[in-house]
Amino acid sequence: MEILKRIAAELERGHDQQVGQMTREALAAGFAPKQVLDEGLIAGMNVVGEKFRVHEIFLPDVLLAARAMYAGMDVVKPLLLKEEVPVAGKAVIGTVQGDLHDIGKNLVGIMLKGAGFEVIDLGNDVAPERFVAAAEEHGAPVIGMSALLTTTMPVMKKVVDLLRQKGLSERVKTIVGGAPLSADFAREIGADAYGYDGVSAVDRIKALIATRGVA
Amino acid sequence: MSLLARLRAGETLVADGAMGSMLMQRGLEAGACPEALNLSRPELLEEIARLYLEAGADLVQTNSFGGSPAKLERYGLEPRCEEVNRAAVAAVRRAVGERALIYGSCGPCGRLLKPLGDAEPDEVRDGFLRQMRALVAEGVDALCVETMTDLAEATLAVEAAREAAAEAGREVPVMATMTFDRTRRGYFTIMGIDIATAAAGLARAGADVVGSNCGNGSDNMVEIAREFRDRTALPLLIQPNAGLPRLEGGRAVYAEGPEYMAERAHQLLVLGVALIGGCCGTAPEHTRALRRLVSSPVD
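The model shown is predicted, which means the values in this text are computed figures rather than measured ones.

**Student:** Mind showing me how you'd approach the overall build of chain A here?
**Tutor:** Within chain A one finds nine helices and five strands. Along chain A, helices and strands appear, N-terminal first, in the series α-α-α-α-β-α-β-α-β-α-β-α-β-α. Here the C-alpha radius of gyration of chain A, 18 Å, is about what a compact globule of 215 residues would show, namely 17 Å. Taking the principal axes of its C-alpha atoms as reference, chain A extends roughly 55 × 35 × 25 Å. Burial status across chain A gives 50% buried among its 215 residues. Partitioning the intrachain contacts of chain A with sequence separation of at least 6 by distance along the chain shows that 73% fall at a separation of at least 24.

What follows is the structure, given as structure tokens:
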């Protein structure tokens, strides 16, 4: 148990080598891969996300912590796949067409992976059709869109409209985020949710998936 | 009179407003490179500069926010960095002549510095230097490093600006602004820089004028200006957004109109902010309202 707490603590400090090393030690000591993931890596990343949310730490700390999380994930992931541990869910994410700003989108990706999601990251400058095609292809119930520019925000509405046209808006929910956005904006364009930051985005996505069946 | 002389004389100056939204109204496509217009449609830049001049701006910016080689590279324009930046200055000069001061805009390079990202500081500094040299060679009256969130990157850009000015052997003041988020613990950039650290760091890097642009509407900007005022004796440049945008008919529309902005800007005057302008969502009407405010006798 102690070692899992230490993994979380080292992850919070962004010590990637220690996290990789201790993850291997924990597995060698007989901890189940899923337990190492949940109580070590994810637990640590949750603390990082929460501290970032309340501005106790900032982007540099999160990026270093994410690097440490990946160092541990690289060790655990092959074992999880072998054991066929189910993922929390799937989400397609990307920065919308015309926008090259990916820091916020990457943060959401980090937090989603930390929460056990399978993340299909389409990168930057993603056309509306690509978002929808990826969600269909991967059977993802959620599309997450990011924009930093006021000039590219309107593209989000195109994705929402396209899902509606294709009759997919019950099966595929949308969440939007980015510096110039607001919950009002999300409502105006008909998106299903607004993520103020990486942590709240994960919460909203979980809620979207939970309510999707009864919608 | 030069910018520094006017500031030393205690004058309050009006800077212009947004560039991006003006270009979009004139056909810039979402996602296209705004600086490419410097080469293809310089007449648009002349028109925008003229509108801000006529609205009463003392300072008019160049369309070179994304004019660093690293930013231009994303559009295949890196080899034409010098040309793009020189054209940006030339267009404004044609429009305003000597009736307004021209400030050369320089935004973030879009890459994270090591160890967080893969960008080598020397490489980033050299990139900024290329841009600054071109802006100075074409005759800007000031340089403006803006919308920075990483103090290390801002420092590299300010140093590059200083170096370009020194090489040219003429006085080219350097202004530097950062973008802050309001948190429960005060204002910080997303990289964790607070206002005290920003004010000290930008001054140490060699900025003549410091302050904040973008990210906040007028209410928050008054608070930001107050904190800067408490932390530095340097002249301040404050450029609020016109609030947060809403979507109307497929376009981003900003909430804070010219009157609202000018009313809040009165507080900036009281705080002794030397340069007041606008960022995202502001237009010549905002500049006109600021001009009226600044030119009317303070009660």
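Now that the structure has been shown, the text picks up again.
**Student:** Mind showing me how you'd approach the sheet that holds strand E2 (residues 117-121) of chain A here?
**Tutor:** Picture the strands of a sheet paired through backbone hydrogen bonds; they go either parallel or antiparallel. Residue and element names in this part refer to chain A. Spatially, five strands are ordered E2-E1-E3-E4-E5 in an open sheet, and the strand pairing comes out parallel. Two strands close off the open sheet at either side, each with one partner strand: E2 and strand E5 (193-194). Direction of pairing for strand E1 (residues 89-95) relative to E2: parallel, over a ladder of five bridges. What sits directly across from Lys90, in E2, is Glu118.

**Student:** Please explain the interface of chain B and chain A as it appears in this structure.
**Tutor:** Accessible area lost upon the coming together of the parts is a frequently used measure of interface size. Residue-level contacts link 21 residues of chain B with 24 residues of chain A. Looking at the side of chain B that touches chain A, the elements with two or more residues in it are helix H2 (20-25), strand E10 (245-248) and strand E11 (251-254) of chain B. With three residues, E10(B) is the largest single contributor of residues to the side of chain B that touches chain A.

**Student:** What's the story with the environment of A:Ala133 in this structure? I'm lost.
**Tutor:** All names here are of chain A. Within the element layout of this structure, Ala133 appears in helix H6 (residues 128-138). We classify Ala133 as partly exposed; it has 14 C-beta atoms within 10 Å. When the C-alpha positions of Ala133 and Lys34 are compared, they lie 31 Å apart, and in sequence the two are 99 residues distant.

**Student:** Where do I start with the environment of B:Gly169 in this structure?
**Tutor:** Residue and element names in this part refer to chain B. Of note, Gly169 is situated in the loop between helix H8 (151-168) and strand E5 (174-178). What makes Gly169 exposed here is the crowd of 7 C-beta atoms within 10 Å. For the pair Gly169 and Gly10, spaced 159 residues apart in sequence, the C-alpha separation works out to 25 Å.

**Student:** Is there a simple way to think about helix H7 (residues 154-165) of chain A in this case?
**Tutor:** Given 3.6 residues per helical turn, the α-helix brings residues three or four places apart onto the same face. Compared with the 16 Å implied by 1.5 Å per residue over 12 residues, the 17 Å span of H7(A) between its first and last C-alpha is a close match. The complete set of buried residues in H7(A) reads A:Pro154, A:Val155, A:Met156, A:Lys157, A:Val159, A:Val160 and A:Leu163.

**Student:** Any chance you could explain the confidence of the model for chain B here in plain terms?
**Tutor:** For chain B, per-residue confidence averages 95 on the pLDDT scale, and residues scoring 70 or more make up 98% of the total. Model confidence for the complex is summarised by a pTM of 0.88, with the ipTM given as 0.82.

**Student:** Help me understand unusual backbone geometry, please; the structure alone is not making it clear to me.
**Tutor:** Most of the time, phi is negative for any residue but glycine, and the peptide bond is trans. Residues and elements named next belong to chain B. Lys114 connects to Pro115 through a cis peptide bond whose omega is 5°. Tracing the backbone shows Pro115 in the loop between strand E3 (101-106) and helix H7 (121-137). We note that Thr147 has phi near 60°; this positive angle belongs to a residue other than glycine. Note on placement: Thr147 falls in strand E4 (residues 142-148). On the neighbour-count criterion, Thr147 (22 C-beta atoms within 10 Å) is buried.

**Student:** Explain the pairing of E4(B) here, please?
**Tutor:** Residues in a regular strand point their side chains to alternate faces of the sheet. Residue and element names in this part refer to chain B. With seven of seven residues buried, E4 lies mostly within the body of the structure. Where E3 meets E4, four bridges bridge the pair, whose relative direction is parallel. Paired with Tyr103 across the bridge in E4 is Ala142. Tracing the backbone out of E3, into H7 and back to the parallel element E4 gives a crossover that is right-handed. Pairing of E4 with E5, which is carried by four bridges, proceeds in the parallel orientation. Each bridged residue has a counterpart across the sheet, and for Cys144 the counterpart in E5 is Met175. Handedness of the crossover joining E4 and E5 through H8: right-handed.

**Student:** Explanation requested: the confidence of the model for chain A in the structure shown.
**Tutor:** In this model, chain A carries a mean pLDDT of 91, and residues with pLDDT of at least 70 account for 98%. Per-element confidence in chain A is highest for helix H2 (residues 16-28) of chain A, whose mean pLDDT is 97, and lowest for helix H5 (residues 103-114) of chain A, whose mean pLDDT is 87.

**Student:** Honestly, the packing of helix H4 (residues 42-55) of chain B against helix H6 (residues 81-96) of chain B in this entry has me stumped. Any pointers?
**Tutor:** In a pair of packed helices, the angle between the axes and the distance between the axes together describe the arrangement. Residues and elements named next belong to chain B. The interhelical angle for the contact between H4 and H6, taken along N-to-C directions, is 50°, at an axis separation of 8 Å. Classified by the angle their axes make, H4 and H6 are oblique. In this structure, H4 meets H6 at a crossing whose hand is right-handed. Residue-level inspection shows Pro42, Leu45, Glu46, Ala49, Arg50 and Leu53 of H4 in contact with H6, the latter providing Ala87, Ala88, Ala91, Val92, Arg94, Ala95 and Val96. Looking at side-chain class alone, the contact of H4 with H6 contains 10 nonpolar, no polar and three charged residues.

Scoring rules and cut-offs
- Residues numbered from 1 in each chain as written.
- Chains lettered and ligands numbered in written order.
- Predicted model: local features only at pLDDT ≥ 70, side-chain atom pairs only at ≥ 80, totals over all residues.
- Helix = DSSP H or I, 4+ residues; strand = E, 2+ residues; numbered from the N terminus.
- Rg over C-alpha atoms; globule rule 2.2 N^0.38 Å.
- Buried ≥ 20, exposed ≤ 12 C-beta atoms within 10 Å, placed from the backbone.
- Contact = placed C-beta atoms within 7 Å.
- Pairing = 2+ DSSP bridges.
- Expected span 1.5 Å × (residues − 1).
- pLDDT = per-residue confidence, 0-100.
- Right-handed = clockwise from strand over helix to strand, strands pointing away.
- Axes fitted to C-alpha atoms, helices over the stretch in contact; angles between N-to-C directions.
- Parallel < 35°, antiparallel > 145°, perpendicular 65-115°, else oblique.
- Left-handed = near helix turned anticlockwise from the far one by under 90°.
- Nonpolar A, V, L, I, M, F, W, Y, C, P; charged D, E, K, R; others polar.

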